[in-house]
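Commentary on secondary and tertiary structure
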Number of protein chains: 2
Amino acid sequence: MDMNSAVTVAVVAGVIGLLFALYQRSFVLSQDEGSERMKQIAAAIQRGAQAFLSREYRAVAILVLIVTVALAGLSQLPGSGMSILTAVAFVVGALASGLSGYIGMYIAVRANVRTAQAASRSLNRGLRVAFASGTVMSTMVVSLALLGISLLFITFVNQLGDAAQAASALAGFGFGGTSIAIFARVGGGIYTKAADVGADLVGKTEAGIPEDDPRNPATIADNVGDNVGDVAGMGSDLFESYASSIIAAISLATTAGIFVDDGSIEAAQVFPILVATAGLVISIIASFLVKTEEGADQERLLGSIRTGIYSASGLIAVVIIILGLSLPFGDKNIGIIIATLSGLVGGVLIGYFTEYFTAATYGPTQALSASAEGGAGIVVIRGLALGMMSTLAPVIIVVLVTLLATSQAGLYGVAVAAVGMLSTLGITLATDAYGPVADNAGGIAEMSDLPEEVRDRTDALDSLGNTTAATGKGFAIGSAAMTALALTAAFITALTAGGSSALGSAVNPADLLLNPQFVTGLFIGGLLPFVFSALTMVAVGDAAQQIVEEVRRQFREIKGIMEGAGEPDYERCVAISTDSAIRQMLLPGVIAVGVPVGMALLAVVGKGNILGEFIAPISLVGVLLGSLVSAFMLAVMMANAGGAWDNAKKHIEAGNLGGKGSDAHKAAVVGDTVGDPFKDTSGPSLNILLKLLAIVSLVIAPLIGSAFPPI
Amino acid sequence: MDMNSAVTVAVVAGVIGLLFALYQRSFVLSQDEGSERMKQIAAAIQRGAQAFLSREYRAVAILVLIVTVALAGLSQLPGSGMSILTAVAFVVGALASGLSGYIGMYIAVRANVRTAQAASRSLNRGLRVAFASGTVMSTMVVSLALLGISLLFITFVNQLGDAAQAASALAGFGFGGTSIAIFARVGGGIYTKAADVGADLVGKTEAGIPEDDPRNPATIADNVGDNVGDVAGMGSDLFESYASSIIAAISLATTAGIFVDDGSIEAAQVFPILVATAGLVISIIASFLVKTEEGADQERLLGSIRTGIYSASGLIAVVIIILGLSLPFGDKNIGIIIATLSGLVGGVLIGYFTEYFTAATYGPTQALSASAEGGAGIVVIRGLALGMMSTLAPVIIVVLVTLLATSQAGLYGVAVAAVGMLSTLGITLATDAYGPVADNAGGIAEMSDLPEEVRDRTDALDSLGNTTAATGKGFAIGSAAMTALALTAAFITALTAGGSSALGSAVNPADLLLNPQFVTGLFIGGLLPFVFSALTMVAVGDAAQQIVEEVRRQFREIKGIMEGAGEPDYERCVAISTDSAIRQMLLPGVIAVGVPVGMALLAVVGKGNILGEFIAPISLVGVLLGSLVSAFMLAVMMANAGGAWDNAKKHIEAGNLGGKGSDAHKAAVVGDTVGDPFKDTSGPSLNILLKLLAIVSLVIAPLIGSAFPPI
């Protein structure tokens, strides 16, 4: 199959995906919204989410504009090696990513109230509505990415007449997506945890009122946060991983050289597009398998989700084998099949181990719960240790997948492994985006005093959401690491394209491994995730503090608020969270873009003079590898420690170890407070950091490469 | 100056150092031990420390024996490239390190009671006794390392007739030292924190009795812990950094090649020995400058310590310049001076920034204290963020030192920078080893009801010790990172000695940077510190839990214990801490030695077959670089977060933010509990982990190298 046919197929599938998303959207919106009270609450959440996203997108639009102008300007520099099409791809990527996040959130804040109402009728109806809203975002993300990449690539090839340059310009698409994602993840992450921690500290701890109690002025902000952080942020994050893995595969197919001899370059370019296309269609089909029956317990609910995911994985595996055998790969077909499947299996395994370390049904989290009897200090130590230990499985899995994939298909193998891992995103992301909707549904049920049995159902749905969220986070990190590795491979390969001497000429291995710029680059790269996490954690703390003060002020000044007579000023808390998040997301975002750009410029400027002793293109390679290692570890540790603390607390609240109000429970709440920014702000932001560093480098690689002509 | 003369000078200085240590020992032992009660308490601490060290050394002796036999056996394998002298050096290194730790602790547990008694007379007398005991260990460490290295090196050169092989065998000395250090740090670290946390949890929190109260059955174990963890562990740790930095410099002088052309190899070998020799003599002189007067405040006490350290730094800088100018380095003399001085300055700067981030007199720890008003969760989040942010300065400093040193003198520059950083260890380590003595003196004063004014003096001395301990930890980590970097450089260089193809032949840089074995090695290396920290943190938690149960049991079963009528069973708590520490130190220790050995063996076995696709000598290079980056970050983060939590708690206890017993204080205590294993167990153990991985690799490098003959 040639590229034109593959793009045609991909476009058809992309359009089918968009139509399916529209269909699911209509299904969700056609559901009953319930009572007036429920509508009011939902409307407040919708206003808050809308307000945040508008503010965020306005702020980000300015940055997108600046970067677009910069990219366009660079492309006009004589001999920069960059194409103006990179700027075009950047804008399209940013728009597509922004649109995915927006629509995902649009539907999520409307599905929450409808899920609550549907749960009044049955558990299955609740699950269906919530899950359908998740599929809206997931199919939007996958369809837009697939449409964008395939249409841009074929256009660029026609325009530039050269697949390598086209692939290089295509990196702009991923860059555009990541630029939105970094702000969505960091800003949304700060928002959600500031509101959550702030609401809990005063509401639960000081005033002793339950979570989601309508008397708590921060409760609407808390519910808004679930959507802006977990839905929009997660959507942009995975949009980017998905797009970048395909772009890296196309790029490496073009530049890596192993496909040149037997003329299989086009097959290697077409393969990731076709795998992604098939994955989209399969995910849509598999999403119909997610359903349950009344009175289903946690295990059965989880089983229904798993049926969907595992069926999709099984089907895509078959398609990968067929594609690998039928495309003209010469003698590399078996190798490419193995590489792609290794990523698919690796993704499933990472999900499993994440669940093992964070679910209260397994040993680690049960031991963590038990340690709460030793007090807050002990539970924090144990949780940190659990998070650290949990890095073992994902790292070993990524290492094995990488070794297997490269042994079979070189660097291209890493990229298609990432494509394989993400091929079922159309359904895995749906299970993830479902979580906040179920969580909000529970909140709305609580706030509108729905009957006990409805809340039991929404609790069951919410609890399922927590598990899928943890698994989804593990998957997001693992795929981010694979994607970043593939992007780094594409960057290094691009750096030496055309015989550029950016990395020097052939050398003794020992000299290169001990190159001081490279080694110090590793240190700087290792440092970035720590600084980045420190900034985001402090941002959450600061913003939460403001919410705490505002809630205390309202409790003090608004008369009758505790008796339900006075109306809390929800908008004020929403505004505070929004302001803090927008203000504090800028520095981390600018660091993530600024460091590689700044280093690249210094490396170019330092060529041949004293500055070059300290910084060179290889420094940036060191930064990418160092940050990859360090961010991967930290992200897994934070996500899993956070998930385990959360579930340990819930385990105690379920009546174990003295239940709610016991000393063990108080200790577990401290752990959960620490875990909140870990798992929902800093940890997830690291995914984007590592991908952003790599994709920015890839975008500017031609600039560096052309500054160092062949010797 | 030739090697024979340099060794003569070093031996003379080493002997002077030992005599000075003996003199200081007599000075300390000649002091008054105070009342019978004080003698009794001190005797209990001495017994406990002795018991622990005997148990530890017995356990370690078996491992040392096994490793010695393995090294000797390997050297007999035909074509292994290893010398039997490596095994000899290993045993000598282990003995010297063990002896340093033993004598340091021997004097520390005798100086504590004498310091308490001396403080009854004046603050200056207390300071002098405590500091003198610190100099016993510091000069022992430095003298034994210097004697061992210089005598072994010249003997090996004579025996083997080849400086490169002699340098290679000398690595065994560092390996021997590190083998003791890993168990001393991990075992001692577990002991000290298990006893401390356990004593506090029941004593302070449940029973409401003060720290060091004689009614607390764990109080003797707590005091023993200060010595076995902080004195013996720190001594073995820095013995190893010190020895390894010199060994790496000698090794790189011999193998790195830049000194071959102008025949300056011998100068380059002699230089680190002479710098170290001068540093020892200067440290002894400078230690006489440490004194104070009655009524000195914290600032003045710190000033007296700083006078000693800064004078030593200034003097050694002059000596480094003179040596650099007078040795026949050809045109490289200025470069070598700059490289060595950059390390010296870097060490001082790292100490300064550590203090900035952890002392309550600066912004970060004050902000941390203030955040305690937000509750335990917030103070933990802030402390973690502070620790993460504090990695910035040391990393940038190490990066700049590395770039400067290598730009001036290649890889040899990194090694002499480490030698420069550690050149004043004779005094910096004394300020460190002083801390636990002062801490114990305070405990003994408390337990024996000495007058208020004496306790004020011991409190002042203790508080100073906390600051020097934090600075010392920063310095230990920074120097460990520099040393490990130098060792890694020596390893990589040794791997390719004699044209070995262990790392392959000259290649395109892009291919090497993306070598999958290398990149996955980085991941595995990055992972190890996380797993290692998880193991040590859990070990502390488990051991503390046992202490808690034992103390609760004694409070329950021993009649009249709370009224002071019944005698607590101190020995039982000492035994429990000892047993736990010995049992739990083994796995982390075995991992640290086993991973590089196992990988090296697999790499050799996998040569030329399918296994070789997954593991190769370059995998181990990746592991070393990955663990270096990751362990450095984690170690700094843990040490500084721990130090800041400790001081934030003390800041509140000093009457700020509501003082003792306030909610803020309770929150700060949680932070301190988390910080305890961070700063005293897991963090410091990482120093050894990263050095041990590197030195084990260096020791077995000839084995790997000879398995891959030149192509």
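Residues numbered from 1 in each chain as written. Chains lettered and ligands numbered in written order. Predicted model: local features only at pLDDT ≥ 70, side-chain atom pairs only at ≥ 80, totals over all residues. Heavy atoms only, no water.

Things to note about the overall build of chain A
For the record, the criterion: Secondary structure follows DSSP: runs of H or I at least 4 residues long count as helices, runs of E at least 2 residues long count as strands, and numbering of each begins at the N terminus. For this measure, only C-alpha atoms enter the radius of gyration; the expected value for a globule follows 2.2 Å times N^0.38, where N is the number of residues. Think of it in three bands: residues with accessible area under 20% of the maximum for their type are buried, residues over 50% are exposed, and the middle band is partly exposed, with areas taken using a 1.4 Å probe on protein chains only. The contact rule is simple, with two residues in contact once any of their heavy atoms fall within 4.5 Å.
Secondary structure assignment for chain A yields 19 helices and 0 strands. Here the C-alpha atoms of chain A give a radius of gyration of 25 Å, agreeing with the 27 Å that 2.2 N^0.38 yields for 711 residues. Overall, the C-alpha framework of chain A stretches about 80 × 55 × 45 Å when taken along its three principal axes. Within the span of chain A, comprising 711 residues, buried residues form 67% of the whole. Long-range pairs, those at least 24 residues apart, make up 85% of the contacts in chain A between residues at least 6 apart in sequence.

A few points about the packing of helix 18 (residues 617-653) of chain B against helix 19 (residues 663-707) of chain B
All names here are of chain B. Note the cut-off: Helix axes are fitted to C-alpha atoms over the stretch in contact, other axes to C-alpha atoms as well, and angles between N-to-C directions run from 0 to 180 degrees. Note on terminology: angles under 35 degrees are roughly parallel, angles over 145 are roughly antiparallel, angles of 65 to 115 are roughly perpendicular, and the others are oblique. Each crossing is labelled by how the near helix is turned from the far one, with a counterclockwise turn of less than a right angle marking it left-handed and a clockwise turn marking it right-handed. Ten residues, namely Ala, Val, Leu, Ile, Met, Phe, Trp, Tyr, Cys and Pro, are considered nonpolar, four, namely Asp, Glu, Lys and Arg, are considered charged, and the remaining ones, Gly among them, are considered polar.
Between helix 18 and helix 19, the least distance of the axes is 6 Å, while the angle of their chain directions is 155 degrees. Our classification of the angle between helix 18 and helix 19 gives roughly antiparallel. Handedness of the crossing formed by helix 18 with helix 19: left-handed. Its residues assigned to classes, the contact of helix 18 with helix 19 shows 24 nonpolar, 10 polar and 5 charged.

Regarding the packing of aromatic side chains
The condition that has to hold: Only Phe, Tyr and Trp rings are paired, with Trp represented by its six-membered ring, and only when their centres lie within 6.5 Å; those with planes under 30 degrees apart are stacked, over 60 edge-to-face, the remainder tilted. Whether a charge sits over a ring comes down to the Lys NZ or Arg CZ being within 6 Å of the ring centre and within 35 degrees of the ring normal.
Inspection of every chain in the model, using the stated rule, returns 25 aromatic pairs over all chains. Consider the rings of A:Y356 and A:F357, whose centres lie 5.2 Å apart with planes at 80 degrees: the pair is edge-to-face. Judged by relative accessible area, which is 13%, A:F357 ranks as buried. Through successive ring pairs, a cluster of aromatic residues spans B:F259, B:F271, B:F329 and B:Y412. The ring of A:Y106 carries A:R110 above its face, with NZ or CZ at 3.8 Å from the centroid.

A look at the interface of chain B and chain A
Here is the rule we go by: Within this document, salt bridges are pairs made up of a side-chain nitrogen of Lys or Arg and a carboxyl oxygen of Asp or Glu, the two lying within 4 Å of each other. Counted as a polar contact is a pair of N or O atoms within 3.5 Å, where, for protein atoms, one must be capable of donating a hydrogen and the other of accepting one, and residues adjacent in sequence contribute only when both atoms are in side chains.
Of the residues lining the interface, 76 residues belong to chain B; the matching set on chain A comes to 76 residues. Between chain B and chain A we count 2 salt bridges in total. Among the salt bridges present, the one from A:D542 reaches B:R382, with a minimum N-O distance of 2.5 Å. Seen at the junction of chain B and chain A, the total is 3 residue pairs in polar contact (both at pLDDT 80 or more). Contributing elements (two or more residues each) for the side of chain B that touches chain A: helix 5 (163-207), helix 11 (376-389), helix 12 (392-422), helix 14 (452-495), helix 15 (509-513), helix 16 (516-557), helix 18 and helix 19 of chain B. Taken together, the residues of the side of chain B that touches chain A break down into 56 nonpolar, 17 polar and 3 charged.

Digging into the relation of the copies chain B and chain A
Using the following cut-off: The least-squares superposition of copies is restricted to C-alpha atoms, and to residues with a pLDDT of at least 70 in both copies.
Superposing chain B onto chain A requires a rotation of 180 degrees together with a translation of 0.1 Å along the rotation axis, leaving an RMSD of 0.1 Å. Within this description, the copies of the chain are treated as partners about a two-fold rotation axis. Same-surface contact between copies: 100% of interface residues of chain B are shared with the interface of chain A.

Thoughts on the confidence of the model for chain A
Our working definition: For every residue, the predictor reports its confidence as pLDDT, a number between 0 and 100.
Residues with a pLDDT of 70 or more make up 100% of chain A, whose mean pLDDT is 91. Taken over the whole predicted complex, pTM reads 0.94, whereas the ipTM for its chain interfaces reads 0.94.

Observations concerning the environment of B:R215
All names here are of chain B. Its location among the elements puts R215 in the loop between helix 5 and helix 6 (219-255). Sequence separation between R215 and G566 is 351 residues, and the spatial gap between their C-alpha atoms is 8.5 Å. Engagement of the side chain of R215 in a polar contact is seen with the backbone oxygen of M562, the distance being 2.9 Å.

Some details on helix 16 of chain B
Residue and element names in this part refer to chain B. Heads up, the rule is: For a helix, the expected span equals 1.5 Å multiplied by the number of residues minus one.
Over its 42 residues, helix 16 extends 61 Å from the first C-alpha to the last, a length consistent with the 62 Å expected when each residue adds 1.5 Å. In terms of burial, helix 16 is a largely internal element, 32 of the 42 residues being buried. The backbone nitrogen of Q517 has a side-chain oxygen 2.8 Å away, supplied by the residue at the start of helix 16, namely N515.

Considering unusual backbone geometry
Its identity as a non-glycine residue notwithstanding, B:D449 has a phi of 55 degrees, on the positive side. Counting through the fold element by element, B:D449 comes out in the loop between helix 13 (425-447) and helix 14.

Observations regarding the packing of helix 4 (residues 123-160) of chain A against helix 5 (residues 163-207) of chain A
Residues and elements named next belong to chain A. One way to put it is that helix 4 packs onto helix 5 with a least axis distance of 9 Å and a crossing angle of 145 degrees. The handedness of the crossing between helix 4 and helix 5 is right-handed. Between helix 4 and helix 5, the contacting residues are L144, A145, G148, I149, L152, F153, F156, V157 and L160 on the first element and A163, Q165, A166, A167, A169, L170 and F173 on the second. Among the residues making up the contact of helix 4 with helix 5, the classes are represented as 14 nonpolar, 2 polar and no charged.

Some thoughts on a nonpolar patch on the surface
All names here are of chain B. Just so we agree on the cut-off: Candidates for patches are residues over 30% relative accessible area with no salt bridge; among them, like charges are joined within 9 Å and nonpolar side chains (Val, Leu, Ile, Met, Phe, Trp, Tyr) within 5 Å. Only the protein chains shown count as cover for residues, and all accessible areas are computed by the Shrake-Rupley method using a 1.4 Å probe.
A contiguous nonpolar patch, built from I321, L325, I334 and I338 and spanning about 320 Å² of accessible area, is present on the exposed surface. Of all the secondary-structure elements, those providing two or more residues to the nonpolar patch are helix 8 (298-326) and helix 9 (333-358). One can find I338 in helix 9. You can call I338 partly exposed: its relative accessible area is 31%.

With respect to the pattern of salt bridges
All chains considered together, the criterion is met by 47 salt bridges over all chains. A salt bridge links B:R114 to B:E33, with the shortest nitrogen-to-oxygen separation between them at 3.5 Å. Here B:R114 is found in helix 3 (residues 84-121), whereas its partner B:E33 is found in the loop between helix 1 (3-29) and helix 2 (36-76), with 81 residues between them in sequence. Residue B:R114 is classed as buried on the basis of its relative accessible area of 6%. Residue classification places B:E33 among the partly exposed positions, given a relative accessible area of 25%. With a closest N to O distance of 3.0 Å, B:D646 and B:K650 form a salt bridge. On the criterion of helical spacing, the pair formed by B:D646 and B:K650 is a turn pair, its members being 4 residues apart in helix 18. The class of B:K650 is partly exposed, set by a relative accessible area of 31%. Because the salt bridges share partners, they merge into one network encompassing A:K193, A:D196, A:K473, A:D646, A:K650, A:D676, A:K679 and A:D680.

Focus: the side chain of B:S122
Residue and element names in this part refer to chain B. Along the polypeptide, S122 turns up in the loop between helix 3 and helix 4 (123-160). In terms of polar contacts, S122 uses its side chain to reach the backbone amide nitrogen of R125, at 3.1 Å. Those residues in contact with S122, other than ones at most four positions away along the chain, are E294 and R457.

With respect to helix 18 of chain B
Its 37 residues give helix 18 of chain B an end-to-end C-alpha distance of 53 Å, which sits within 8% of 54 Å, the value for a rise of 1.5 Å per residue. Backbone geometry just downstream of helix 18 of chain B places B:G655 in the positive-phi region, at approximately 110 degrees.

As for the environment of B:G176
Residues and elements named next belong to chain B. Here G176 lies in helix 5. Judged by relative accessible area, which is 0%, G176 ranks as buried. Leaving out residues up to four positions away in the same chain, G176 has contacts with F90, G93 and A94.

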